[in-house]
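Geometric and topological summary
Residues per chain, in single letters:
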Amino acid sequence: MEIIIQPDADAAADMAARIFANLIISKPDAVLGLATGSTPLPLYRKLIAAGLDWSGITTFNLDEYIGIGPDHPQSYHAFMQGNLFSQVNIKPGNIHIPDGMASDPEAHCRAYEEKIRQAGGIDLQLLGIGTDGHIGFNEPTSSLASRTRIKTLTERTRSDNARFFGGSGEVPFHVITMGIGTILQTRKVLLLATGKNKARAVAGAVEGPVTSMNPASALQLHPSALVCLDEDAASELTRCDYYRWVFDNKPSWQKI
Ligand code: F6R
């Protein structure tokens, strides 16, 4: 894992935007894995402002709530449309988000995996992290080998996400999410985390044991995982001096 610590959330988003923009420019037919939530919003604003060419880009989102359609304002379809896709020249046919209204969700999950495979796999997967360490909606105790499937949210995640729904009673109980095994198969992952409320989960993911109790710790098994943090999210890590030293002394061909 490579840990990049930036002074604040805006600088962390800048770093993440640079990594995504470099890929979009160097590989115009890249396959991106995308996330929703509060954390990626500044990153998406920066990518929009960069005026990049998305015409050859394909995307796969991590997850979607079951039981709400794409027109529901809190669906991840609506989130992605409003915060990114409507403002870049991506082809609608190249956008993939799990369908929370699929009549046969299990068959839909299998088909989603197949579409990722047919697209040639995901080049760069963006991840946020839940306060309980979830990635995608792989909640604690998720199988580290899991593939895209239906999951039940924890009460903690439902209450963390209640802010979007006007109360946790409205947050769906079930979701479709890429699995941890799916995420581990991507060619590169970029976990972006900002804010003090993520510090404990980040420390467990980076410096704790690999355990399904902190699903993000599975990224220790990923051959190319970048963890981009602000100072607050990094505040419970014990090896910050080393991470900063590694970043400051990167060989020129590895500079971001
Ligand atoms: C969203 C997702 C989730 C979020 C996580 C953090 O697609 O997969 O894992 O990344 O819940 O959410 P925020 O960024 O809102 O704190």
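Above: the structure in question.
Structure report, in brief. (Residues numbered from 1 in each chain as written. Predicted model: local features only at pLDDT ≥ 70, side-chain atom pairs only at ≥ 80, totals over all residues. Heavy atoms only, no water.)

1. Section: the nonpolar core
Leu32, Trp54 and Leu237 are the most contacted members of the largest nonpolar core, which has 73 residues in total. For this core, the leading source of residues is helix H1 (residues 9-26), giving nine residues. Ignoring anything within four residues of it in the chain, the contact list for Leu32 reads Phe20, Leu23, Ile24, Trp54, Ile57, Thr58, Thr59, Phe60, Ile122 and Leu124. (Core = buried A, V, L, I, M, F, W, Y, C linked by side-chain atoms within 4.5 Å. Buried < 20%, exposed > 50% of the residue type's maximum accessible area, 1.4 Å probe, protein only. Helix = DSSP H or I, 4+ residues; strand = E, 2+ residues; numbered from the N terminus. Contact = heavy atoms within 4.5 Å.)

2. Remarks on the site of the ligand
Around the ligand lies a shell of 14 residues, among which Thr39, Asp63, His134, Gly136 and Lys198 are the nearest. In the model, an oxygen atom of the ligand is placed 2.8 Å from a nitrogen or oxygen of the Thr36 side chain. In the environment of the ligand, an oxygen atom lies 2.7 Å from a nitrogen or oxygen atom belonging to the side chain of His134. With the chains in place, 93% of the 410 Å² that the ligand exposes on its own is no longer accessible. In terms of residue class, the shell around the ligand is made up of three nonpolar, eight polar and three charged. (Near = heavy atom within 4 Å. Polar contact = N/O pair within 3.5 Å; in protein donor to acceptor, adjacent residues only side chain to side chain. Areas by Shrake-Rupley, 256 points an atom, 1.4 Å probe, with all protein chains shown as cover. Nonpolar A, V, L, I, M, F, W, Y, C, P; charged D, E, K, R; others polar.)

3. A few points about the pattern of salt bridges
One pass over the full model with this rule turns up 11 salt bridges. Measuring nitrogen to oxygen at the nearest pair gives 2.9 Å for the salt bridge that ties Arg147 to Glu113. A residue pair is termed long-range when its members are at least 10 positions apart, and Arg147 in the loop between strand E6 (124-127) and strand E7 (149-152) and Glu113 in helix H4 (residues 105-118) qualify at 34 residues. One network of salt bridges, with partners in common, ties together Asp10, Asp14 and Lys46. (Salt bridge = Lys/Arg side-chain N within 4 Å of Asp/Glu carboxyl O.)

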